[in-house]
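Below are the chains, spelled out letter by letter.
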Amino acid sequence: MNLPSILVLHGPNLNLLGQREPGIYGTITLDSINEQLLTLAQTLDCKVHCHQSNHEGDLVDAIQNAVGHDHGILINAAAYTHTSVAIRDALAAVALPVVEVHLSNIYRREDFRHHSYIAPIVVGQISGFGAQSYTLGLQALIYHLQHQTSP
Ligand code: CA2
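Conventions and cut-offs
- Residues numbered from 1 in each chain as written.
- Predicted model: local features only at pLDDT ≥ 70, side-chain atom pairs only at ≥ 80, totals over all residues.
- Heavy atoms only, no water.
- Buried < 20%, exposed > 50% of the residue type's maximum accessible area, 1.4 Å probe, protein only.
- Helix = DSSP H or I, 4+ residues; strand = E, 2+ residues; numbered from the N terminus.
- Pairing = 2+ DSSP bridges.
- Axes fitted to C-alpha atoms, helices over the stretch in contact; angles between N-to-C directions.
- Near = heavy atom within 4 Å.
- Polar contact = N/O pair within 3.5 Å; in protein donor to acceptor, adjacent residues only side chain to side chain.
- Areas by Shrake-Rupley, 256 points an atom, 1.4 Å probe, with all protein chains shown as cover.
- 1 Å grid on protein atoms, 1.4 Å probe; cavity = no way out; pocket = protein on both sides within 12 Å on 5 of 7 lines; lining within 4 Å.
- Sits in = over half its atoms within 2 Å of the grid points.
- Nonpolar A, V, L, I, M, F, W, Y, C, P; charged D, E, K, R; others polar.
- Contact = heavy atoms within 4.5 Å.
- Salt bridge = Lys/Arg side-chain N within 4 Å of Asp/Glu carboxyl O.

Undergrad: What's the story with the pairing of strand S1 (residues 5-10) in this structure? I'm lost.
TA: Extensive coverage of S1 is indicated by the burial of six of its six residues. Of the two faces of S1, the one lined by Ser5, Leu7 and Leu9 and the one lined by Ile6, Val8 and His10 are each fully buried. Strand direction decides the pairing type here: S1 and strand S2 (residues 47-52), joined by six bridges, are parallel. From the neighbouring strand, His10 faces S2, where its bridge partner is Gln52. Relative to strand S3 (residues 72-76), S1 runs parallel, the two sharing five bridges.

Undergrad: Please explain the sheet that holds S1 as it appears in this structure.
TA: Sheet strands associate in pairs through backbone hydrogen bonding, adopting either a parallel or an antiparallel arrangement. Taken in spatial order, the five strands of this open sheet run S2-S1-S3-S4-S5, and their pairing is parallel. In this open sheet, the two strands that pair with only one neighbour each are S2 and strand S5 (124-127). The mean inter-strand angle of the sheet, taken between neighbouring strand axes irrespective of direction, is 20 degrees. Where strand S4 (residues 98-102) lies against S5, four bridges are found, and the strand directions are parallel. When the bridges of S5 are listed, His102 appears paired with Ser127.

Undergrad: Can you walk me through the site of the ligand in this structure?
TA: For the ligand, the set of nearby residues contains 17 residues, the closest of which are Asn76, His82, Leu103, Ser104 and Arg113. A distance of 3.4 Å is found between an oxygen atom of the ligand and a backbone nitrogen or oxygen belonging to Ala79. Between an oxygen atom of the ligand and a side-chain N or O atom of His102, the distance comes to 2.9 Å. Considering the ligand on its own, with 500 Å² of exposed area, one finds that the protein chains cover 94% of that surface. More than half of the atoms of the ligand fall within 2 Å of the grid points belonging to the largest pocket. Looking at the shell around the ligand residue by residue, the classes come out as nine nonpolar, five polar and three charged.

Undergrad: I keep staring at the environment of Leu74 and nothing clicks. Help me out?
TA: Summarising the element assignment, Leu74 is placed in strand S3. Owing to a relative accessible area of 0%, Leu74 belongs among the buried residues under this scheme. Measuring from C-alpha to C-alpha, the distance between Leu74 and Cys50 comes to 9.3 Å, with 24 residues separating the pair along the chain. What Leu74 contacts, discounting residues up to four positions off in sequence, is Ile6, Leu7, Val8, Leu9, Leu37, Val99, Val101, Tyr134, Gly137, Leu138 and Leu141.

Undergrad: Quick question: what am I supposed to make of the pattern of salt bridges here?
TA: A side chain of one charge can pair with a side chain of the opposite charge when the charged atoms of the two come close. Tallying each qualifying case throughout the model produces two salt bridges. Here Glu110 ties to Arg109 by a salt bridge, and the two come within 3.9 Å at their closest N and O atoms. The shortest N-O distance in the salt bridge between Arg113 and Glu110 comes to 2.7 Å. Overall, the relative accessible area of 17% leaves Arg113 in the buried class. Judged by its relative accessible area of 35%, Glu110 falls in the partly exposed class.

Undergrad: Explain the environment of Asp89 to me, please; I cannot follow it from the model alone.
TA: Structurally, Asp89 is set in helix H4 (residues 85-94). Separated by 28 residues in the primary sequence, Asp89 and Tyr117 have C-alpha atoms spaced 9.5 Å apart.

Undergrad: I keep staring at the environment of Leu17 and nothing clicks. Help me out?
TA: The residue Leu17 is located in the loop between S1 and helix H1 (22-25) in this model. Between the C-alpha atom of Leu17 and that of Thr29, which follows or precedes it by 12 residues, the distance is 4.9 Å. Ignoring any residue separated from it by four or fewer positions in sequence, one finds Leu17 in contact with Tyr25, Ile28, Thr29, Leu30, Ile33 and Leu103.

Printed below as a string of structure tokens:
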């Protein structure tokens, strides 16, 4: 069987990681997070490809294009987590397993960050572990793919 392929999606402003607001998001850059995921993918026997966009429609396109290419999606939708019905609908439409991740613990922050539009349609959510949220999320997604029962 081919190695499972995972689409990693990063939402708006995450390209600024390591350059602004280190008190909230740490000093790690997005490139370093992607490198960590690529390294972990070798251990987990999967393929990973990463995409960041500041544009809602671009993220919707990437989700739709995953069909036929990817077996699961790891997503930090950033601010769109709290606003985007379009991203939720796209994730629901493609019907791939999704793990939602956040660098910060969104439940310890402002009230408007406590609601995620995508949480009800994902396998699970990991929030608050910094860059480790992504590596934990990738492990959880691969575990889910290996243990889910076929319909
Ligand atoms: O904690 C997370 O991962 C978030 O998804 C990050 C989003 C925020 O809107 C969510 O509530 C929680 C913000 C990403 C913006 O990242 C920046 C990085 C450096 C400097 C400024 C913003």
